[in-house]
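# Breakdown of the fold
As a plain string of letters, each chain reads:
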Amino acid sequence: QVQLEESGGGLVQAGGSLRLSCAASGRTFSSYVMGWFRQAPGKEREFVAGISWRGGSTYYADSVKGRFTISRDNAKNTVYLQMNSLKPEDMAVYYCAADVDNIIVVVTTTRGYDYWGQGTQVTVSS
């Protein structure tokens, strides 16, 4: 079992930055892939970024590449999503997720992840 809790969401102007955090508990944090997803109103949940167990491999959706950075601190059982140059289209509820079946391969589909946080709202004003 893995419990996940996101924080760091809020309201920001277009062009601004936010850093999301996701604290994990339960199963050994360093033993699985972590991902960030987002879901805007009326849209399906979509992959944003993923990171392998030691952080050596990262993968990003094209829409956020170059603006967002995923990282993890296994000593703190936490994964981060640094979001820069935010756009109105980035506005969504952001979820972190754990894929306990993988340590290296980053899966980009929701069904590839076993545990989910409750989500944190990111609002970008234009």
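To start, this report covers the structure provided alongside it. (Residues numbered from 1 in each chain as written. Predicted model: local features only at pLDDT ≥ 70, side-chain atom pairs only at ≥ 80, totals over all residues. Heavy atoms only, no water.)

For the rest of this paragraph, the subject is the overall build of the chain. A tally of regular secondary structure across the chain gives 0 helices and 11 strands. Element order for the chain, N to C, with α for helix and β for strand: β-β-β-β-β-β-β-β-β-β-β. Against the 2.2 N^0.38 benchmark of 14 Å for 126 residues, the chain shows a C-alpha radius of gyration of 13 Å, consistent with a compact globule. Expressed as lengths along the three principal axes of its C-alpha atoms, the size of the chain is roughly 40 × 30 × 25 Å. (Helix = DSSP H or I, 4+ residues; strand = E, 2+ residues; numbered from the N terminus. Rg over C-alpha atoms; globule rule 2.2 N^0.38 Å.)

In spatial order, the strands read 1-3-8-7; together these 4 strands make up an open sheet with antiparallel pairing. Where the open sheet ends on each side, the last strands, each with one partner, are strand 1 (2-7) and strand 7 (68-73). Strand-to-strand, the axes of this sheet are offset by a mean angle of 15°, without reference to chain direction. As paired strands, strand 1 and strand 3 (residues 18-26) are joined by 6 bridges and run antiparallel to one another. (Pairing = 2+ DSSP bridges. Axes fitted to C-alpha atoms, helices over the stretch in contact; angles between N-to-C directions.)

Counting buried residues along strand 4 (residues 33-39), 6 of its 7 residues qualify, which places the element largely inside the surrounding structure. Sheet topology note: the strand 4/strand 9 (residues 92-99) ladder contains 7 bridges and is antiparallel. Of the residues in strand 9, the one forming a bridge with Gly-35 is Ala-97. Once strand 4 ends, the chain turns through 6 residues before running back antiparallel as strand 5 (residues 46-51), passing Gly-42 with a positive phi of about 75°. (Buried < 20%, exposed > 50% of the residue type's maximum accessible area, 1.4 Å probe, protein only.)

This part takes up the packing of aromatic side chains. Following the criterion strictly, the structure yields 6 aromatic pairs and no others. Ring centres of Phe-37 and Phe-47 lie 5.6 Å apart, and the angle between their planes is 80°; on these two criteria the pair is classed as edge-to-face. Highlighted residues: Phe-37 in strand 4 and Phe-47 in strand 5, separated in sequence by 10 residues. The two residues Phe-37 and Phe-47 agree in class, both being buried. (Phe/Tyr/Trp six-rings, centres within 6.5 Å; stacked < 30°, edge-to-face > 60°.)

The next point concerns the side chain of Thr-120. Within the secondary structure layout, Thr-120 lies in strand 11 (residues 120-125). Once residues lying within four places of it in the same chain are set aside, the contact partners of Thr-120 are Glu-6, Ser-7, Gly-8, Gly-9, Leu-20, Ala-92, Val-93 and Tyr-94. (Contact = heavy atoms within 4.5 Å.)

Right, let's talk about the pattern of salt bridges for a bit. Pairing is possible between side chains of opposite charge, provided their charged atoms come close. Scanning the model with the defined rule gives 4 salt bridges in all. A salt bridge links Arg-38 to Glu-46, with the shortest nitrogen-to-oxygen separation between them at 2.7 Å. Given a relative accessible area of 5%, Arg-38 falls into the buried group. With a closest N to O distance of 3.0 Å, Lys-65 and Asp-62 form a salt bridge. The exposure class of Lys-65 is partly exposed, given its relative accessible area of 49%. One salt-bridge network, held together by shared partners, links Arg-38, Glu-46, Arg-67 and Asp-90. (Salt bridge = Lys/Arg side-chain N within 4 Å of Asp/Glu carboxyl O.)

Right, let's talk about the environment of Val-100 for a bit. One can find Val-100 in the loop between strand 9 and strand 10 (115-116). For Val-100, a relative accessible area of 11% gives the class buried. For the pair Val-100 and Asn-84, spaced 16 residues apart in sequence, the C-alpha to C-alpha distance is 28 Å. Setting aside residues no more than four positions away along its own chain, Val-100 makes contact with Val-2, Arg-27, Tyr-32, Asp-114 and Tyr-115.

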